[in-house]
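So the chains spell out like this:
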Amino acid sequence: MKNIAILGYGTVGSGVYKIINDNNSHISRRAGEDVKVKYVLDLRDFPGDPVEEVLVHDIDTIIEDKDVDIVVEVMGGVEPAYTFVKRALLAGKSACTSNKELVAKHGAELLQIAADNKVNFFFEASVGGGIPIIRPLIECLTVDHLEEIQGIMNGTTNYILTKMEDEGADFDTVLKDAQDLGYAERNPEADIEGYDACRKIAILSSLAYEKQVDFEDIYTEGITKITTADFDYMKKIGASIKLLGMARKEGSVVYSMVAPFVIYSDNPLYNVKDVFNAILLRGDMLGDVMFYGKGAGSLPTASAVVSDIVDAVKRQGETADILWSDTKRQLGSVDAFKTPYFVRIKGADAKDKVKEAFGDVQFIDSDLDETAFITGVMTGSDFKAASAGLEVVSRIRVSA
Ligand code: HSE
C-alpha cells in the first residue's frame, strides 16, 4: 500500500482526489500496489465533502508521518510550495507537482535533492496540463538534438484567440468565460501577458538543452495587443495567430521567447483551437513530432499528476535520470532572433516607403487606412532599424 498526501484541494487537487478514488483499481494495478489518499492539506474546511475524512490543516502531520510515501503539491505559487516539497523530499518522500512556477524556479535543485534522497521529483502536469510531454522528452526523445520547440502552452489564451478569430468576440467577455470554465489562473495577467507560458517554456528549454534557463531571461509578450483586425488580415493569407512558447538552438546558442506568432495553415499548430494545447518538437533525426491535448482544467491536469504518482510508486528506491543542471544558460538576445514579421503601418499609400525600408515584402490587401505586409526573415534589431521611420500600428512575428 502506498499512501498519498495531496497539498491543496483546489481545481487540480480535487481532480487528483477524484481520479485516485474513481479509477482506484486500475491505477493500483498499473502501479503494482494499492494507492490510497491518506491526507489532503488545505487551509479551508469542506463541510459535507467526503474529503473531510482525510483533511488536515498542518503540513507537519504529513511530513512527520512515515507512512506517507508520495506528496502531491497542487497549491500553485512558489511559497509555501517550495518549502513543503523540499521538506517532503528530505524526509524521503517522492513529490509530484503541477506547479510550473515552482518547477521553473527550483526544478534543478529539487531534482538534485530527490536524487540525494533516492526518491523522485516529477512534474508532468507542469507543462501542457494533461498532455504527456515531459516524460516523452526525457525518456523517449533521447536520440535527437532538438532544433526547435514551438508550443501552444496556455489554454486560456488559446481559447480567447480562438473565440476572437471564429466569432469576432470581445476580449474581456471571452476571458470571463475562460475563468468561469476554470481554465484561467487566479490572476488573469499570468495568462494574457504570457507569464504562465513563460514558466512552461523555461521548463522545456531547461530539459531539452540540459541547463537552467531562467524564466526571467525569456523575452515575453502577451496577447493583449491582438485585435480582431489582425485576424481579418490572417483570413486573407490563410493564417492564424497563436501565443507560442518557443525555443530554438542555432549552433551553440539557444533562443527562447513567448510571443504571439502568425501561423500558416501548413503548421500543425494552426488547427489547435480552444483550450487545447500542443507542443511541436523538431529533432534533427526525427523531424517534427507534435503532442496535443487538454492543457488546462481539473481532470486533464490531474490525470498527468496521477501518472506521476504511478511512476513514483513503480520506481521505489530508484531515482529517474532527469538531466537538468543548475548551471545557468545564457540565452541568445531577442535582437538577434531571426524571423519574418507581419506589420501594419498607418496610411494606405505607404507601399513605396515600405519597400525602401524593408526591400521585397508580401503586401496584404487592407480594408483600413493602413498598409499591411509580411517581411522576409530578419533579426529583431534589423526590424527595429527598418521600422524606425514608419508609423507602426502593430507587428507580430511569423513562424517560419
Ligand atoms: N491557466 C493555465 C492555462 C492553466 O490556461 O493554460 C494551466 O497551466
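Our subject is the structure listed above.
Engineer: Summarise the packing of aromatic side chains; cite the residues concerned and give the values.
Structural biologist: Here a ring pair, both rings aromatic, is described through the centre-centre distance and the interplanar angle of the planes. With the rule as written, the count across this model stands at 11 aromatic pairs. Judged by centre distance (5.8 Å) and plane angle (85°), the ring pair of Y9 and Y17 falls under edge-to-face. Assigned by exposure class, Y9 and Y17 land together as buried. Considering the side-chain rings of Y341 and F383, the 4.1 Å spacing of their centres and the 15° angle between planes classify their relative orientation as stacked. With Y341 in strand β16 (residues 341-346) and F383 in helix α14 (residues 380-387), this pair connects stretches of sequence that are 42 residues apart. Given a relative accessible area of 2%, Y341 falls into the buried group. Taken together through their ring pairs, the aromatic side chains of Y341, F358, F363, F373 and F383 make up a single cluster. For the cation-ring pair, R135 lies above F122, with the distance from its terminal atom to the ring centre recorded as 5.4 Å.

Engineer: So what's going on with the sheet that holds strand β1 (residues 2-7)? Residues and values would help.
Structural biologist: If you trace the 6 strands from one edge of the open sheet to the other, you get β3-β2-β1-β4-β5-β6, paired in parallel fashion. Pairing within the sheet leaves two strands with one partner each, and these edge strands are β3 (55-56) and β6 (121-122). Note: strand β5 (residues 94-97) against β6, 2 bridges, orientation parallel. From the neighbouring strand, A95 faces β6, where its bridge partner is F121.

Engineer: Outline the pattern of salt bridges, listing residues and values.
Structural biologist: Under the counting rule described, the total for this entry stands at 30 salt bridges. Among the salt bridges present, the one from D217 reaches K328, with a minimum N-O distance of 2.4 Å. Taken together, the residues D217 in the loop between β8 (211-212) and β9 (219-220) and K328 in strand β14 (residues 325-328) connect sequence positions 111 residues apart. Among the residues examined, D217 registers a relative accessible area of 34% and is labelled partly exposed. Look at K328 and you get partly exposed, because its relative accessible area is 38%. A salt bridge links R282 to D288, with the nearest nitrogen and oxygen atoms 2.7 Å apart. Overall, R282 belongs to the partly exposed group, its relative accessible area being 25%. One salt-bridge network, in which partners are shared between bridges, spans E124, R135, E139, D308, D311, R315 and E318.

Engineer: Could you give me a rundown of the nonpolar core, with the residues and numbers involved?
Structural biologist: Counting 107 residues, the largest nonpolar core has V16, F121, L204, I309 and F342 as the members making the most contacts within it. Top contributing element to this core by residue count: helix α10 (residues 195-209), with 9 residues. With residues up to four places along the chain from it excluded, the contact list for F342 reads D230, Y233, M234, V262, I364, A372, F373, I374, S394, R395, I396 and V398.

Engineer: How would you explain the side chain of E165 if you had to name every residue and give the values?
Structural biologist: Looking at the element boundaries, E165 is found in helix α7 (residues 155-167). Within the structure, E165 has its side chain in polar contact with the side chain of S240 (distance 3.1 Å). Apart from the residues within four sequence positions on either side, E165 is in contact with F231, K235, A239, S240 and K273.

Engineer: A description of the environment of S325 should follow, citing residues and the corresponding values.
Structural biologist: As for its position among the elements, S325 is in strand β14. Judged by its relative accessible area of 27%, S325 is partly exposed. Sequence separation of S325 and F215 is 110 residues, and the distance between their C-alpha atoms is 15 Å.

What counts and what doesn't
- Residues numbered from 1 in each chain as written.
- Predicted model: local features only at pLDDT ≥ 70, side-chain atom pairs only at ≥ 80, totals over all residues.
- Heavy atoms only, no water.
- Phe/Tyr/Trp six-rings, centres within 6.5 Å; stacked < 30°, edge-to-face > 60°.
- Buried < 20%, exposed > 50% of the residue type's maximum accessible area, 1.4 Å probe, protein only.
- Helix = DSSP H or I, 4+ residues; strand = E, 2+ residues; numbered from the N terminus.
- Lys NZ or Arg CZ within 6 Å of the ring centre and 35° of its normal.
- Pairing = 2+ DSSP bridges.
- Salt bridge = Lys/Arg side-chain N within 4 Å of Asp/Glu carboxyl O.
- Core = buried A, V, L, I, M, F, W, Y, C linked by side-chain atoms within 4.5 Å.
- Contact = heavy atoms within 4.5 Å.
- Polar contact = N/O pair within 3.5 Å; in protein donor to acceptor, adjacent residues only side chain to side chain.

Shape is all these values report; function is a separate question.
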